[in-house]
Amino acid sequence: MIRRIKTNSGDISYEIKRKKVKRLNLRVREDGSVYVSVPYYVAFEQADRFVAKNLPFIERAREKLSKAAEKAEEDEGYVYFLGERLKINAVRGEKFSAQVKDGEVLLTVKSEEDIPAARDKWLRAESERLFPKICREKYLLFKEQGFDIPFPKITCRKMKTRWGSCTMEKGRITLNIMLMEKPVECIGYVFAHELAHFVVQDHSQRFYGVLERVVPDWREMKKKLK
């Protein structure tokens, strides 16, 4: 059901749905529409007041979505590589290839629809080539600090919600291939974060003490990743 309410900032409509939930929940979807789920016993008027109260949150969320859409449109046809913005120049060909030259990445693809997959294939190949080298340099800092841990197996894959993960029992660290878009120091930070878990398994103060000994500016790196 769609409801419309009047506010000091103008009318706002939202979709409401009664569900088996304990409290009122509000979500701003990617298209900017507002969705509210409410317990079965909540009156519509109470939901209206809830939406009006959360109007500042809705406006901030919509502004953030708008900026993200503008950036996506601006970056269409481009890719970031180790922090540098490169123009994607795609040419038709039967065999995939990728080459970086003069601020461009030249991708050979069969059709225009293959460009996203070709871009990811290139990023994966570059991550498999560069990640071990970057990680080895950061690993040596752990050794210098007296942490006697073996160099882990590095695997690369595309992940939606995480930059990295570790599997200590297998001695493995997995890094997101999309880190190839970030500066080298950010890649090193993510690896160091995961390797620090080989020393301290949780996110306690002791863990961050270990991390800070190896990456003193880890807070800045974390902000860059966002």
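None of these values were measured; they are calculated from a predicted model.

Student: Account for helix α5 (residues 205–214), with residues named and values stated.
Tutor: For α5, every residue scored as buried is listed here: Phe-207, Val-210, Leu-211 and Val-214. In an axial view of α5, the angular spread of the buried residues amounts to 95°, which keeps them on one side of the axis. Turned more than 90 degrees from where α5 packs its buried face, Gln-205 and Arg-206 sit exposed. Tucked into the core, α5 has its buried residues touching α3 (115–144), α4 (184–196) and α6 (218–225).

Student: Describe in detail the packing of α3 against α4, supporting the description with residues and values.
Tutor: The interhelical angle for the contact between α3 and α4, taken along N-to-C directions, is 55°, at an axis separation of 9 Å. Comparing their axes, α4 and α3 come out oblique. Handedness of the α3/α4 crossing: right-handed. Contacts between α3 and α4 pair Phe-131, Ile-134, Cys-135, Lys-138, Tyr-139 and Phe-142 from the former with Val-184, Ile-187, Gly-188, Phe-191, Ala-192, Leu-195 and Ala-196 from the latter.

Student: Help me get a handle on the sheet that holds strand β7 (residues 97–101), residues and values and all.
Tutor: The strand order β5-β6-β8-β7 describes an open sheet built from four strands, whose pairing is mixed. Of all strands in the sheet, those with a lone pairing partner are β5 (78–81) and β7, marking the two edges. Neighbour to neighbour, the strand axes of the sheet diverge by 30° on average, direction disregarded. By the bridge criterion, five bridges tie β7 to strand β8 (residues 104–109) in an arrangement that is antiparallel. Directly across from Val-100, in β8, lies its bridge partner Val-105. Packing against the sheet, α3 makes contact with β5, β6 (84–92), β7 and β8, and its axis sits at approximately 120° to β8.

Student: Tell me about the packing of α4 against α5, residues and numbers included.
Tutor: What describes two packed helices is the angle between their axes and the distance between those same axes. The interhelical angle for the contact between α4 and α5, taken along N-to-C directions, is 135°, at an axis separation of 9 Å. Considering the angle they form, α4 stands oblique to α5. Of the two elements, α4 crosses α5, and the hand of that crossing is right-handed. Taken together, the residues of α5 that come into contact with α4 (itself represented by Tyr-189, Ala-192, His-193 and Ala-196) are Phe-207, Val-210 and Leu-211. When the residues that make up the contact of α4 with α5 are grouped by side-chain class, the tally is six nonpolar, one polar and no charged.

Student: Tell me about helix α1 (residues 44–53), residues and numbers included.
Tutor: Those residues of α1 that sit buried are Ala-47, Asp-48 and Val-51. Viewed along the axis of α1, the buried residues span an arc of 105°, placing them on a single side of the element. For α1, exposure combined with an orientation more than 90 degrees from the buried face picks out Arg-49 and Lys-53.

Student: Describe the pattern of salt bridges, and please don't skip the residues or the numbers.
Tutor: Overall, the coordinates contain nine salt bridges when judged by the stated rule. Notably, a salt bridge pairs Arg-3 with Asp-48, separated by 2.7 Å at the nearest N-O pair. Of the two residues, Arg-3 is situated in strand β1 (residues 2–7) and Asp-48 in helix α1; the sequence distance between them amounts to 45 residues. Its relative accessible area of 13% is what places Asp-48 among the buried residues.

Quick notes on the rules
Residues numbered from 1 in each chain as written. Predicted model: local features only at pLDDT ≥ 70, side-chain atom pairs only at ≥ 80, totals over all residues. Heavy atoms only, no water. Buried < 20%, exposed > 50% of the residue type's maximum accessible area, 1.4 Å probe, protein only. Helix = DSSP H or I, 4+ residues; strand = E, 2+ residues; numbered from the N terminus. Arc of directions from axis to C-beta. Contact = heavy atoms within 4.5 Å. Axes fitted to C-alpha atoms, helices over the stretch in contact; angles between N-to-C directions. Parallel < 35°, antiparallel > 145°, perpendicular 65-115°, else oblique. Left-handed = near helix turned anticlockwise from the far one by under 90°. Pairing = 2+ DSSP bridges. Nonpolar A, V, L, I, M, F, W, Y, C, P; charged D, E, K, R; others polar. Salt bridge = Lys/Arg side-chain N within 4 Å of Asp/Glu carboxyl O.

What is shown is where atoms sit, not what they do.
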